[in-house]
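Below are the chains, spelled out letter by letter.
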Amino acid sequence: MNDTLLNAYSGIKTHQFGIDSLSNNIANINTVGYRENTPEFKSLFSAHLDTLGASNVTADDRNFGVTKGSNAISDRDGEYMPSDGEFNMAYQGSGWFIVGPNKNGSMQINKDGYKQAQENFYTREGNFLRDADGYIVNTHGYYLYGVDLHKIKNGVLTAGNPDEEAKILKSGKLSTLYLPRDVQYQPVLTTKVDMSLNLNAKNHVRPAEEYFLNKDGEIINERFLNQDANALANDDNEPLDLAMHRNLEIMMVKGDMAQDLTFKYGTGGPEKNEFHTLGDLKNLLKTKANLDLTIAKSKPDQIKSPLMLQIKNPTDPEATLFIGGPMAEKLGWTASGMILKKGETRDSVGIRIPFYSTTAEIYDKGGDKYLLKSDFFMTNSKDPMATPPTTEKWDVESSIIEMRSKLPITPQTVRQTITFDKDGKMQAKPVTLNFKGTPLTYNIAKSEDYQSSDVPYEDSKIYQISQDGKPKGLLQNMRIDDNGVIHLAFSNGAIETMGRVGIAAFTNDQGLRKVGSNLFDIANVTRNGRAAPLSGNPILGWDRDDGKLKFGKVMHKYLETSNVNAGSSLTNLILMQRGYSMNAKAFTTGDDLVKEAINLKK
């Protein structure tokens, strides 16, 4: 038999292999995540032609036939198309999703190798869904592997420590991912609240009796005496603004003595006839004019009634009083020749005090909602013209109250005094409240992102409230970020990390073996008497330091199409067909030559 028949026969067989491979690629052109094969050929064997003479300057040889060289996997990415599937995802870059047939399986990928309790497979097919038990699987029922934080038990998610979770998410310990449909968020007891706010003294005022009277309607004299006179407003809610209009003018005739006095708001003290607090003004009136300053209820028979300031003649004889100046005008205190007998007073209008109130929702162990309420009363104003300049000071009363009744759950109210530095930043230490037997740490100086302030160009408002408590919630949405981390959003506003999708890469993707159902397996070869993966050991897809994917990214609600190129596949198929035809022709020619040789005997 001549060599033409043998060469042509090997060509027919080899091109048939190429046609089969290309036709399989074309058949899977719409298979999600399919990786096409690229058929390659090689010469069967060759021989040196010694008969052509040893003196030739060329290496004379001849080849005998062709055979299959490889059917390599193409590592080119397919196209990416949007998908509505809740768990559908695509991986862009170098790497594979990890799946397995065992619901209770596990896999550990280390730097120097890997361990698995069962055989796992690798795929680019990302059309995953949830099975009847709540596990994430592919359409063939294989379980998706990844890092599960195991926060969901019996349909209830319990929040964990974010720092510990971040550490686990960087590990290479993989298991199946469990996410049932009806996940509930386990309520979390509030033990810490951080708040940031702005306090503007000119925004809100409240009747002064809310600060100067106790629960029995008695005046808290210490508060009255220590109150900055400029930290007041009149009954029209107008701040006194004594930093701009400082004077209180008093002219008095009492007996044969006449006095003309001007008291000034400031910090110079009695020597300069300056007052800062109501207590300072009381001392000036007493020592300089033999008058008294008191605060009284407009309706003494009531527990709570509007408060007013009073200038009182405490002794005989009667006094003829003239009162003027900006402070008197704001307070309705002006008088012109008013006769005050012993014990009679000149009353101001009702006084008010700069105020602001905040509430923050907090939660007990059962998820029931309460309010953490704080009332801010200004006791000292900012006066940049004073020596030294004064800063704002507020008294804060905090308590925990019922949602419906608005009554405190404990009789004790926690009080603190806050100040502001020259830059307008609040200086306050955290306080502790008793929340149904559990300590609750409350910090109003700053929240997670903002610092509390007293800037005058912004209204009094809350910037941010940060707390560790949460009410009960139901799972509403699931999102997978670029690094494959799975985030769950609940109806209570909580966003929790559930785990991450497992991604593995290989040094040699061509060493993976197709096992059907769009799955790949690790193929082992024996080298120096030891079995080793042809693809190399699996490499963990994310960095163990920062937890970010190293070789690509996960695209949630996308699917990767087949990476078969229709144009080149059809072109190569035609070339293979022509090669097959030409080899068939060569075989026919060789057969004809054999026939001619046989016929020579006749």
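Residues numbered from 1 in each chain as written. Predicted model: local features only at pLDDT ≥ 70, side-chain atom pairs only at ≥ 80, totals over all residues. Heavy atoms only, no water.

Draft legend 1. The arrangement of the packing of aromatic side chains in detail. Counted under the stated rule, the structure contains 13 aromatic pairs. Note on Tyr 135 and Tyr 143: the rings are 5.8 Å apart at their centroids and 90° apart in plane angle, and the pair reads as edge-to-face. According to the relative accessible area criterion, Tyr 135 is buried, its value standing at 16%. Within the aromatic cluster, the residues linked to one another by ring pairs are Tyr 211, Phe 212, Phe 355 and Phe 377. The residue whose ring lies beneath Arg 223 is Tyr 211, and the NZ or CZ to ring-centre distance is 4.5 Å. (Phe/Tyr/Trp six-rings, centres within 6.5 Å; stacked < 30°, edge-to-face > 60°. Buried < 20%, exposed > 50% of the residue type's maximum accessible area, 1.4 Å probe, protein only. Lys NZ or Arg CZ within 6 Å of the ring centre and 35° of its normal.)

Draft legend 2. The arrangement of the packing of helix 1 (residues 3–27) against helix 7 (residues 566–599) in detail. The N-to-C vectors of helix 1 and helix 7 enclose an angle of 160°; their axes lie 8 Å apart at closest approach. As far as their axial angle goes, helix 7 and helix 1 are roughly antiparallel. Crossing angle aside, the handedness with which helix 1 passes helix 7 is left-handed. In terms of residue class, the contact of helix 1 with helix 7 is built from 15 nonpolar, 12 polar and one charged. (Axes fitted to C-alpha atoms, helices over the stretch in contact; angles between N-to-C directions. Helix = DSSP H or I, 4+ residues; strand = E, 2+ residues; numbered from the N terminus. Parallel < 35°, antiparallel > 145°, perpendicular 65-115°, else oblique. Left-handed = near helix turned anticlockwise from the far one by under 90°. Nonpolar A, V, L, I, M, F, W, Y, C, P; charged D, E, K, R; others polar.)

Draft legend 3. The arrangement of the side chain of Ser 74 in detail. Here Ser 74 lies in the loop between strand 2 (61–73) and strand 3 (80–82). A polar side-chain atom of Ser 74 sits 3.4 Å from the main-chain amide nitrogen of Arg 76. Non-local contacts of Ser 74, meaning those with residues more than four positions away in its chain, are made with Arg 35, Glu 36, Thr 38 and Asn 563. (Polar contact = N/O pair within 3.5 Å; in protein donor to acceptor, adjacent residues only side chain to side chain. Contact = heavy atoms within 4.5 Å.)

Draft legend 4. Expanded view of helix 5 (residues 278–289). Look at helix 5: 16 Å from first C-alpha to last across 12 residues, which is about the 16 Å you get at 1.5 Å a residue. All of the buried residues in helix 5 are Leu 278, Gly 279, Leu 281, Leu 284, Leu 285 and Ala 289. Note on helix 5: the residue one or two positions beyond its end, Asn 290, has a positive phi of about 55°. (Expected span 1.5 Å × (residues − 1).)

Draft legend 5. Spatial organisation of the environment of Ala 445. Assignment of secondary structure puts Ala 445 in the loop between strand 32 (438–443) and strand 33 (461–467). Taking the relative accessible area as the measure of exposure, Ala 445 reaches 8% and is therefore buried. Distance from Ala 445 to Leu 281, taken between C-alpha atoms, is 32 Å for residues 164 residues apart in sequence. Residues in contact with Ala 445, not counting those within four places in the same chain, are Met 195, Met 426, Ala 428, Gln 451 and Ser 452.

Draft legend 6. The sheet that holds strand 24 (residues 335–340), seen in detail. In space, the five strands of this open sheet follow the order 20-19-18-23-24, with mixed pairing throughout. The sheet terminates laterally at strand 20 (274–275) and strand 24, the two strands that pair on one side only. Pairing of strand 18 (residues 247–254) with strand 23 (residues 319–324), which is carried by six bridges, proceeds in the antiparallel orientation. Looking at strand 23, one finds that Val 253 is bridged to Thr 320. (Pairing = 2+ DSSP bridges.)

Draft legend 7. Main features of the sheet that holds strand 31 (residues 431–435). Spatial strand order, 31-32-16-33: four strands in an open sheet with mixed pairing. Of all the strands in the sheet, just strand 31 and strand 33 have a single pairing partner and so form its edges. Adjacent strand axes in the sheet meet at a mean angle of 25°, parallel and antiparallel pairs treated alike. Here strand 31 pairs with strand 32 via five bridges, running antiparallel. Bridge pairing in strand 32 links Asn 434 to Pro 439.

Fair warning: the whole summary comes from geometry, so function is off the table for now.
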